[in-house]
Amino acid sequence: VDVYVHDDSMDPLDMINGILCEMDQTAYADMVNQGSYIALIDVDACEERNADHSSDQSDESVGSAVEFEAWVMNVTRASDDSPQIVQFWIASSEEGEEDDDGGDEPFDEIRGEMVITEGKSDQYPFGLFSLNAVGYWQGEESININISSVENADSNVEFTMTIDGWETMQAHAVLTPDGSEGQAFALGMSYNEATGEYGEKTH
């Protein structure tokens, strides 16, 4: 028997963790001013890392092939005192993919930029950055995402996240540097096509 606890308030943190995990795979820190390049991202690896309730299973099924997602990357920095600019572009390899709710994916293309003002350190385990991304569906903007790591007076890790698109979500999390303790606030709002109304949930 496999037992686990699901808490909706952790969904935004899982999303933040997933995006940062994928960004880390791009090796952007090693590609400053090296021109455009293609990074191959194992998205499933990041999703499995978030699935704590499946931790007793092997990371990959025997004989299963890893499917990589291609990201077009360009990383620049004008000087040692300037912010590091990470630009990325992702195109979906398939059209009409279904999400967990059976609906279409909210985007078939993503364009984004992350501005890093402080690198990773003991004081800032995730650095200080602001990531903005726009998702497009059939040429139209369908989702806007912002994730920021901000300075915290108590030397904790602090994140803010805003998603605006097929659903609206805002999250604010303050964690200890090792991630063992913390607090998170999430506000979600989704559109009900049947009623034409937005519903709001706070966690």
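Higher on the page you've got the structure.
Residues numbered from 1 in each chain as written. Predicted model: local features only at pLDDT ≥ 70, side-chain atom pairs only at ≥ 80, totals over all residues. Heavy atoms only, no water.

Draft legend 1. Fine view of the state of the cysteines. Here the structure, examined in full by the defined rule, presents one disulfide. A sulfur-sulfur separation of 2.1 Å characterises the disulfide bridge that pairs Cys21 with Cys46. Of note, the bridge from Cys21 to Cys46 carries an S-S torsion of about -80° and is left-handed in sense. Taken together, the residues span a long stretch of sequence, with Cys21 in helix α1 (residues 11-25) and Cys46 in helix α2 (residues 43-50) at a distance of 25 residues. We note that Cys21, like Cys46, is buried. (Disulfide = S-S within 2.5 Å. Helix = DSSP H or I, 4+ residues; strand = E, 2+ residues; numbered from the N terminus. Buried < 20%, exposed > 50% of the residue type's maximum accessible area, 1.4 Å probe, protein only.)

Draft legend 2. Main features of a nonpolar patch on the surface. Together, Ile38, Leu40, Val66, Phe68, Val72 and Trp89 line one region of the surface with nonpolar side chains, adding up to about 550 Å² of accessible area. Among the secondary structure elements, Leu40 is positioned in strand β1 (residues 37-41). (Patch = residues over 30% accessible without salt bridge, like charges linked within 9 Å, V, L, I, M, F, W, Y side chains within 5 Å. Areas by Shrake-Rupley, 256 points an atom, 1.4 Å probe, with all protein chains shown as cover. Salt bridge = Lys/Arg side-chain N within 4 Å of Asp/Glu carboxyl O.)

Draft legend 3. Quick peek at a negative patch on the surface. A cluster of acidic side chains, namely Asp44, Glu47, Glu48 and Glu67, defines a negative patch on the protein surface. Relative to the helices and strands, Glu67 resides in the loop between α2 and β2 (69-76). (Lys, Arg positive; Asp, Glu negative; His and termini not counted. Charge placed at Lys NZ, Arg CZ, Asp CG, Glu CD.)

Draft legend 4. Geometry of the side chain of Asn152. By the secondary structure assignment, Asn152 is in the loop between β6 (140-150) and β7 (157-164). Classification of Asn152 as buried rests on a relative accessible area of 17%. At a separation of 2.8 Å, a polar atom in the side chain of Asn152 contacts the side chain of Glu158. (Polar contact = N/O pair within 3.5 Å; in protein donor to acceptor, adjacent residues only side chain to side chain.)

Draft legend 5. Expanded view of unusual backbone geometry. Even without a glycine there, the phi angle at Asn33 is positive, about 55°. Turning to its location among the elements, Asn33 is positioned in the loop between α1 and β1. Notably, Gln138 is not glycine yet its phi reads approximately 55°, a positive angle. Along the chain, Gln138 falls in the loop between β5 (128-137) and β6. Given a relative accessible area of 62%, Gln138 falls into the exposed group.

Draft legend 6. Local environment of α1. For α1, spanning 15 residues, the distance from its first C-alpha to its last is 21 Å, which sits close to the expected 21 Å at 1.5 Å a residue. Of all the positions in α1, only Pro12, Leu13, Ile16, Gly18, Ile19, Leu20, Cys21, Glu22 and Met23 are classed as buried. (Expected span 1.5 Å × (residues − 1).)

Draft legend 7. View of the pairing of strand β3 (residues 84-91). Side chains of β3 alternate between two faces, with Gln84, Val86, Phe88 and Ile90 buried and Ile85, Gln87, Trp89 and Ala91 left unburied. In the sheet, β2 pairs with β3 via six bridges, with the strands oriented antiparallel. Bridge pairing in β3 links Asn74 to Gln87. The pairing of β3 with strand β4 (residues 109-118) spans eight bridges and is antiparallel. Across the sheet, residue Gln87 finds its bridge partner in β4, namely Glu113. (Pairing = 2+ DSSP bridges.)

Draft legend 8. Quick peek at the environment of Gln84. The residue Gln84 is located in strand β3 in this model. Classification of Gln84 by relative accessible area gives buried; the value is 12%. As a C-alpha pair, Gln84 and Val32 span 52 residues in sequence and 7.9 Å in three-dimensional space.

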